[in-house]
Amino acid sequence: MAEPNSPYLRDVLGTIPAYKPGRKVVSPSGRSVKLSSNESPYGPLPSVVEAVAAAAADLNRYPDTAATELTGALASRFGVDEDRIALGAGSVGLLQQILEAVAEPGTEVVYAWRSFEAYPSLVGLSGAVPVTVPLRGETHDLDAMAAAITDRTRAVFVCNPNNPTGTAVRESELAAFLDRVPEHVLVVLDEAYREYVRDPQVPDGITAFGDRPNVAVLRTFSKAYGLAALRVGFLVARPHIATAVRKTMVPFAVNHVAQAAAVASLAAEDELLERVAATVKERERVRDALLADGWELPSTEANFVWLRLGEHTAAFAAAAEAAGVAVRAFPGEGLRVSIGTAEENDAFLDVAREFPHRNRD
């Protein structure tokens, strides 16, 4: 049956691809290893599970839309005033809130490409014009991004570490870039993978740049904190930015259970970061194994590795799927592979070892 004309739908929807989450696959033998969504391989800590269970017993009331307890815990953890914090349904939700606060038709938003896959759709839906700047050496070309800013630019996104390449820009170059950005432009430092960073020259955006009047720093509980299913993100910025972003949040977007889990996770952060250290150790093991087997791949400060395979991308993804290993394929470009447990990572390395093409070819 033919669909009727839909004059009530926005024309821009025809130009925006739907977001594609990481897939789960199952091999003929029944093996299923999901390394396609950058999730933590670990479940929440026992104390967090207890907090979730307790919160789940109180579901007939609306959550605290101001997330008072969580906001206070975050302010204490990061040493900032509470009026500098805004919450959202994951860092993606906060990106949408930011765009609703700053973007409008005819304005521009600058970001590197390839970078986080949600950027094009979020910018397109806001009505702003996306201005993409190619990566250089698999990382942000900050000089080119600064040159792309015009009097119509409202925001610049800097994903650090970058998704999907894992590369990170260092403090000196980021500071020089921020010095070049005019006051009418908001710079969004998207630091979803900050907890996995080990290079001391990669800045903590909150402490290094969070006091600048046109910088907003995003973090999430979805990755290192292992709360991807609950969708909690937060922003740290000067009060005028945080206030605007709070205004654009859908009421009750961060639910009661999610707030309780995030508060409990902050309380158990030392224990949680031991798990992060284990993931970082596995990340280095996986990368070293790939390098030893002839692969070329950039350094990564996130919980994934990036293989630029070009025309061989689809073939590798198919080989991995046949082995029951789900990876994130970007057709014609490359593969992002999350770091899982040692056993899961070995399953991926087996596929890589048997694959006939190396990305250096």
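Cut-offs used in this document
Residues numbered from 1 in each chain as written. Predicted model: local features only at pLDDT ≥ 70, side-chain atom pairs only at ≥ 80, totals over all residues. Heavy atoms only, no water. UniProt positions renumbered as here; feature names shortened; annotations may be inferred. Helix = DSSP H or I, 4+ residues; strand = E, 2+ residues; numbered from the N terminus. Domains from an automatic or database assignment. Contact = heavy atoms within 4.5 Å. Buried area = accessible area lost by both parts, 1.4 Å probe. Salt bridge = Lys/Arg side-chain N within 4 Å of Asp/Glu carboxyl O. Polar contact = N/O pair within 3.5 Å; in protein donor to acceptor, adjacent residues only side chain to side chain. Nonpolar A, V, L, I, M, F, W, Y, C, P; charged D, E, K, R; others polar. Buried < 20%, exposed > 50% of the residue type's maximum accessible area, 1.4 Å probe, protein only. Core = buried A, V, L, I, M, F, W, Y, C linked by side-chain atoms within 4.5 Å. Patch = residues over 30% accessible without salt bridge, like charges linked within 9 Å, V, L, I, M, F, W, Y side chains within 5 Å. Areas by Shrake-Rupley, 256 points an atom, 1.4 Å probe, with all protein chains shown as cover. Arc of directions from axis to C-beta. Pairing = 2+ DSSP bridges. Axes fitted to C-alpha atoms, helices over the stretch in contact; angles between N-to-C directions.

Asks: Describe the UniProt feature "domain: Aminotransferase class I/classII large" (unreviewed entry) in the protein, listing the residues and the values that go with them.
Replies: According to UniProt, the "domain: Aminotransferase class I/classII large" (unreviewed entry) feature falls on residues 33–350. Segment residues 33–350 splits into 41% helix and 18% strand. End C-alpha atoms: 13 Å apart.

Asks: Give a detailed account of the domain arrangement of the protein, specifying residues and quantitative values.
Replies: The domain boundaries assigned to the protein delineate domain 1 (20–44 + 269–354) and domain 2 (55–268). Relative to domain 2, the C-alpha centre of domain 1 lies at a distance of 25 Å. Listed as interface residues are 29 residues of domain 1 and, on the opposing side, 27 residues of domain 2. Regarding the contact of domain 1 and domain 2, the summed buried area is about 2,400 Å², with carbon and sulfur atoms giving 53% of it. The largest contributions to the domain 1 side of the interface with domain 2 come from Glu269, Leu272 and Glu301, which together make up 30% of the buried area. Between domain 1 and domain 2 we count four salt bridges in total. Measuring nitrogen to oxygen at the nearest pair gives 2.5 Å for the salt bridge that ties glutamate 269 to arginine 77. Here domain 1 is connected to domain 2 by 18 residue pairs in polar contact (both at pLDDT 80 or more). Sorting the residues of the side of domain 1 that touches domain 2 by element identifies helix 10 (269–292), strand 9 (304–308) and strand 11 (328–330) as the ones contributing at least two each. The element that contributes the greatest number of residues to the side of domain 1 that touches domain 2 is helix 10, accounting for ten residues. Residue composition of the side of domain 1 that touches domain 2, by class: twelve nonpolar, seven polar and ten charged.

Asks: Let's hear about the pattern of salt bridges: which residues, and what values?
Replies: Taken as a whole and assessed by the stated rule, the structure comprises 18 salt bridges. Aspartate 143 is the partner of arginine 180 in a salt bridge, and the nearest nitrogen-oxygen pair spans 3.3 Å. Here the residue arginine 180 occupies a position in helix 6 (residues 171–180), and aspartate 143 occupies one in helix 5 (residues 142–147), the gap between them amounting to 37 residues. A relative accessible area of 48% places aspartate 143 in the partly exposed class. We note a salt bridge from aspartate 350 to arginine 353, for which the minimum N-O separation is 3.1 Å. Residue aspartate 350 and its partner arginine 353 are both found in helix 12 (residues 342–354); the two are separated by three residues, about one turn of the helix. Looking at arginine 353, the relative accessible area reads 44%, which means it is partly exposed.

Asks: Before we move on, could you go through the nonpolar core and cite the residues and values that matter?
Replies: Judged by nonpolar contacts, the single largest core of 59 residues is most densely connected at Leu70, Leu74, Met145, Leu174, Phe177 and Phe221. When residues of this core are sorted by domain, at least three fall in each of domain 1 (20–44 + 269–354) and domain 2 (55–268). Residue contacts for leucine 174: discarding those within four places in its chain leaves Leu142, Val158, Asn160, Val169, Leu189, Pro203 and Phe209. Core analysis: the second largest hydrophobic core is formed by 27 residues, Leu99, Ala103, Val109 and Ala237 among them.

Asks: Lay out a nonpolar patch on the surface in plain terms, naming residues and giving numbers.
Replies: Taken together, the side chains of Tyr8, Leu9, Leu13 and Leu125 make up a nonpolar region of the molecular surface, amounting to roughly 410 Å² of accessible area. Considering the arrangement of structural elements, one finds leucine 13 in the segment before strand 1 (33–34).

Asks: Any chance you could break down the side chain of glutamate 269 for me, citing the residues and the numbers?
Replies: Relative to the helices and strands, glutamate 269 resides in helix 10. One polar contact links glutamate 269 to tyrosine 225, side chain to side chain, over a distance of 2.5 Å. Excluding residues within four positions of it along the chain, glutamate 269 makes contact with Arg77 and Tyr225.

Asks: Give a description of helix 8 (residues 239–247) that names residues and reports values.
Replies: The α-helix winds at 3.6 residues per turn, so residues separated by three or four positions along the chain end up facing the same way. Taken residue by residue, helix 8 has Ile241, Ala242 and Val245 as its buried positions. Taken end-on, helix 8 shows its buried residues confined to a sector of 95 degrees, consistent with a single buried face. Looking at the packing, one finds that the buried side of helix 8 touches strand 2 (85–88), helix 3 (90–102), strand 6 (186–190), strand 7 (215–220) and strand 8 (233–237).

Asks: Give me the lowdown on the pairing of strand 2, citing residues and values where you can.
Replies: Burial of strand 2 is two-sided: the residues Ile85 and Leu87 facing one way and the residues Ala86 and Gly88 facing the other way are all buried. Of the strand pairs in this sheet, strand 2 and strand 8 are connected by four bridges, and their pairing is antiparallel. The residue of strand 8 that forms the bridge with isoleucine 85 is valine 236.

Asks: Explain the sheet that holds strand 9 to me, using residue names and the numbers behind them.
Replies: Taken in spatial order, the three strands line up as 9-12-11 in an open sheet, and their pairing is antiparallel. Edge strands, defined here as strands with exactly one partner in the open sheet, are strand 9 and strand 11. Between one strand axis and the next, the sheet turns by 15 degrees as a mean value, whatever way the strands run. Looking at chain direction, strand 9 and strand 12 (residues 334–338) are connected through five bridges and run antiparallel. Within the sheet, the bridge partner assigned to leucine 307 lies in strand 12 and is leucine 335.

Asks: I'd like a rundown of helix 11 (residues 313–322), residues and numbers included.
Replies: Restricting attention to buried positions, one finds in helix 11 the residues Thr313, Phe316, Ala317 and Ala320. Looking straight down helix 11, one finds its buried side chains confined to an arc of 100 degrees; they lie on one side. Facing away from the buried side of helix 11, by more than 90 degrees, are the exposed residues Ala314 and Ala322. Taken together, the buried residues of helix 11 touch strand 10 (325–326), strand 11, strand 12 and helix 12. A positive backbone phi angle near 80 degrees is found at glycine 324, which sits one or two residues after helix 11.

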